[in-house]
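# Per-entry structural report
Letter by letter, the chains look like this.
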Amino acid sequence: MTTLLQCYRVSHAAGTKHLFQELDLTIQSGDKIGMVGHNGCGKSTLLSILNRNQPPDDGEIAFNNSLVLETVEQFIDVRLTKLTLFDALLEKLPAAERSFGEYRVSMLLEQLGFMADEFQYRVDALSGGQQNRLMFARAIINDPNLVLFDEPTNHLDLSTILLFEDFLNNSLTAGFILISHDRQFLDSVTNRTLFLRDERLYSFNLPYSAAKEKLAAQDEAAATTRNAEEKTISTLQASAKRLALWGKVYDNKKLARKAKSMEKRIAKLEDDKTFVSKGSNLKLTLAVSGSRANRMVQIEDSWIKAPGDDDTDLFYIEDFFIRPGERVALLGINGVGKTTLIKQMIDHHAEVTRSDQIRFNPQCRIGYYDQELEMLDKSKSLVTTLSTHCTGSASDFKSALIHAGFPYADLDKDVAVLSGGERARLMFLIIKLNQPNFLILDEPTNHIDIQGKEELETQIQGTVHSTVSVRKPTKVR
């Protein structure tokens, strides 16, 4: 195996917050690495440092001369939006290769599940999942030997995720590092796992689930060792205190020297105590209220149309309603119109638009989570964001944010500095404070970490019977 890059004692901070310190990492050809960690721990920042978009605060990174590194972009470049799908991929090839590279473009698009008649679709007309596939194609068309992925399965339907799994396992020859919160996806495509937490990096040559078990075993052993060390220190402290007192009372210099020697030993033991993970302070909770309504929403005789000027019919609803207590999963391939339906329902409820075919019960109070987190104004502080969307005092909002795991020092910072996962948790806090009786969650797991996903599963399963949850999961297996 060839070493492609090597990090030595790399450290970085975001403002006053240390993300990681003295991090060592070696990446070799053929490594298929999954990187996981709590929201805001610095995973995306580390990828940005590895692809040389920003320098670390301290430490060194050595790059092999043979390294050809590509990054799967998180967002489509604005300049590509008016191009066709085909041209947006062709444009990634070196200028000298474009005249004879059209075959490569067609083959790769077909490998990634695009139909020939979709090649001429404009990029801004593609669904989120289709745009993700395009960004993946742009990253690999020039045959890199290392690819960096930042949450590549966001916005993807089940069929596309399975297609990605097959491509990563059987077609992609390059090594890769991917940030993901999808447990099954990580187990399917990786052979190595990095846990970024506590400003440290833990590496295991195992897929996620097996690596998590190893890490849990390490944590348990560390906690046991730490308890034994603290008991020893406590015993020595009592002995040192007793010797110091006897030395003073009996004017015995030998006892006093022995007490001081014991205190030095205690100080060394304190410095050498086994490290135990602090975990994540972020907490995800939902609070909802009930409803006595017979039906929360009803849609009848309605064509759901594509957004924009083309007014294309996507699908027809003859008669559909949701009762209190029902939990409904909305499924379909990328681009079929799931989010369009949700947005039309939200706009109707907010009286942005009106439709005789959509009727909400007057008792219905919606808690809406939009997949792009567009409801959050990035220029506002955390406290101001809560005051914009919720009822309460500034002290109430500060207390709620601290209870949800946001540090007091960060409460006046703008939303723009938060990671995607931290913004998602802020959205869930807004929903909790407003206590709706009808939840509409559009891909709620896209940005939250694995711990957050498990908390969300528990919260939704534990909501009161009169709550309705409309979900559009990334996949169901």
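Residues numbered from 1 in each chain as written. Predicted model: local features only at pLDDT ≥ 70, side-chain atom pairs only at ≥ 80, totals over all residues. Heavy atoms only, no water.

What follows is about the pattern of salt bridges. Tallied over the entire structure, the rule returns 18 salt bridges. Notably, a salt bridge pairs Glu91 with Arg138, separated by 2.9 Å at the nearest N-O pair. A residue pair is termed long-range when its members are at least 10 positions apart, and Glu91 in the loop between α2 (85-90) and α3 (102-111) and Arg138 in helix α4 (residues 128-140) qualify at 47 residues. By relative accessible area, Glu91 is classed as partly exposed at 23%. Among the residues examined, Arg138 registers a relative accessible area of 4% and is labelled buried. Between Lys273 and Glu230 there is a salt bridge whose closest N-O contact spans 3.7 Å. (Salt bridge = Lys/Arg side-chain N within 4 Å of Asp/Glu carboxyl O. Helix = DSSP H or I, 4+ residues; strand = E, 2+ residues; numbered from the N terminus. Buried < 20%, exposed > 50% of the residue type's maximum accessible area, 1.4 Å probe, protein only.)

With that settled, the discussion passes to the environment of Leu168. Position of Leu168 relative to the elements: it lies in helix α5 (residues 158-170). Sequence separation between Leu168 and Val189 is 21 residues, and the spatial gap between their C-alpha atoms is 6.5 Å.

Turning our attention to the side chain of Ser302. Among the structural elements, Ser302 can be located in strand β10 (residues 297-305). Ser302 sits in the buried class, given a relative accessible area of 7%.

Owing to its 3.6 residues per turn, the α-helix aligns residues three or four sequence positions apart on the same side. Along its 13 residues, α4 runs 19 Å from first to last C-alpha, staying within 8% of the 18 Å computed at 1.5 Å per residue. Counted residue by residue, α4 has 12 buried out of 13 residues, so it is predominantly covered. Restricting attention to buried positions, one finds in α4 the residues Gly129, Gln130, Gln131, Asn132, Arg133, Leu134, Met135, Phe136, Ala137, Arg138, Ala139 and Ile140. Contacts made by the buried residues of α4 are with β5 (69-71), α2, α3, β6 (146-150) and α5. (Expected span 1.5 Å × (residues − 1). Contact = heavy atoms within 4.5 Å.)

Phi at Arg9 is positive, roughly 50°, even though this residue is not glycine. The topology assignment puts Arg9 in strand β1 (residues 3-14). Even without being a glycine, Glu199 presents a positive backbone phi close to 65°. Within the fold, Glu199 resides in the loop between β8 (192-197) and β9 (200-204).

What follows covers the packing of helix α11 (residues 394-403) against helix α12 (residues 420-434). Running from N to C, α11 and α12 cross one another at 125°; their axes reach a closest spacing of 11 Å. For the element pair α11 / α12, the angle class is oblique. Like other packed secondary-structure pairs, α11 and α12 cross with a definite hand, here right-handed. Between α11, through Phe397, Ala400, Leu401 and His403, and α12, the contact on the second element is made entirely by Leu426, Leu429, Lys432 and Leu433. Among the residues making up the contact of α11 with α12, the classes are represented as six nonpolar, one polar and one charged. (Axes fitted to C-alpha atoms, helices over the stretch in contact; angles between N-to-C directions. Parallel < 35°, antiparallel > 145°, perpendicular 65-115°, else oblique. Left-handed = near helix turned anticlockwise from the far one by under 90°. Nonpolar A, V, L, I, M, F, W, Y, C, P; charged D, E, K, R; others polar.)

Taken as a whole and judged by the stated rule, the model has 10 aromatic pairs. Judged by centre distance (5.9 Å) and plane angle (90°), the ring pair of Phe149 and Phe176 falls under edge-to-face. Taken as a pair, Phe149 in strand β6 and Phe176 in strand β7 (residues 175-179) lie far apart in primary sequence, 27 residues in all. We classify Phe176 as buried; its relative accessible area is 1%. Site record: aromatic cluster; members linked through ring pairs are Phe136, Phe149, Phe164, Phe167 and Phe176. When the ring centre of Phe114 is taken as origin, the NZ or CZ atom of Arg133, which lies over that ring, is 4.4 Å away. The side chain of Arg197 reaches across the aromatic face of Tyr202, ending 4.7 Å from its centre. (Phe/Tyr/Trp six-rings, centres within 6.5 Å; stacked < 30°, edge-to-face > 60°. Lys NZ or Arg CZ within 6 Å of the ring centre and 35° of its normal.)

Let us now look at a positive patch on the surface. Where like charges cluster on the molecular surface, the positive patch consists of Lys253, Lys254, Arg257 and Lys258. By the secondary structure assignment, Lys253 is in helix α8 (residues 253-271). (Patch = residues over 30% accessible without salt bridge, like charges linked within 9 Å, V, L, I, M, F, W, Y side chains within 5 Å. Areas by Shrake-Rupley, 256 points an atom, 1.4 Å probe, with all protein chains shown as cover. Lys, Arg positive; Asp, Glu negative; His and termini not counted. Charge placed at Lys NZ, Arg CZ, Asp CG, Glu CD.)

Right, let's talk about the sheet that holds strand β11 (residues 313-322) for a bit. Taken together, the three strands give an open sheet; going across it, the order is β11-β10-β13, and neighbouring strands pair in antiparallel fashion. Edge positions in the open sheet fall to β11 and β13 (358-360), since each of these has one partner strand only. Neighbour-to-neighbour, the strand axes of this sheet turn through a mean angle of 15°, independent of strand direction. Where β10 meets β11, eight bridges bridge the pair, whose relative direction is antiparallel. Paired with Val297 across the strands is Ile322, a residue of β11. Against the sheet, helix α9 (residues 338-349) makes contact with β10, β11 and β13, and its axis sits at roughly 125° relative to β10, the strand it touches most. (Pairing = 2+ DSSP bridges.)

What follows concerns the sheet that holds β5. Strand order in the open sheet made by the six strands is β5-β6-β7-β3-β8-β9, with mixed pairing throughout. Each having just a single partner strand, β5 and β9 make up the two edges of the open sheet. Neighbour to neighbour, the strand axes of the sheet diverge by 15° on average, direction disregarded. Pairing of strand β3 (residues 32-36) with β8 involves four bridges; the strand directions are parallel. Of the residues in β8, the one forming a bridge with Met35 is Leu194.

What follows deals with the pairing of strand β2 (residues 17-28). With eight bridges joining them, β1 and β2 adopt antiparallel strand pairing. Looking at the pairing, His12 lines up with Phe20 of β2. As consecutive antiparallel partners, β1 and β2 are separated by two residues, and within that stretch Gly15 has a phi angle of approximately 65°, a positive value.

This next bit is on the pairing of β9. Sheet analysis places β8 next to β9, joined by five bridges and oriented antiparallel. Looking across to β9, one finds that Phe195 is bridged to Tyr202. The hairpin formed by β8 and β9 contains two residues between the paired strands, and Asp198 there has a positive phi angle of roughly 55°.

Let us now look at the packing of helix α10 (residues 382-389) against α11. Where α10 contacts α11, the two axes come as close as 9 Å, and the packing angle between them is 115°. Crossing handedness for the pair α10 and α11: right-handed. For the pair formed by α10 and α11, the contact residues are Leu382, Val383, Leu386 and Ser387 on the first element and Ala394, Phe397, Lys398 and Leu401 on the second. Each residue belonging to the contact of α10 with α11 can be placed in one class, and the counts come to six nonpolar, one polar and one charged.

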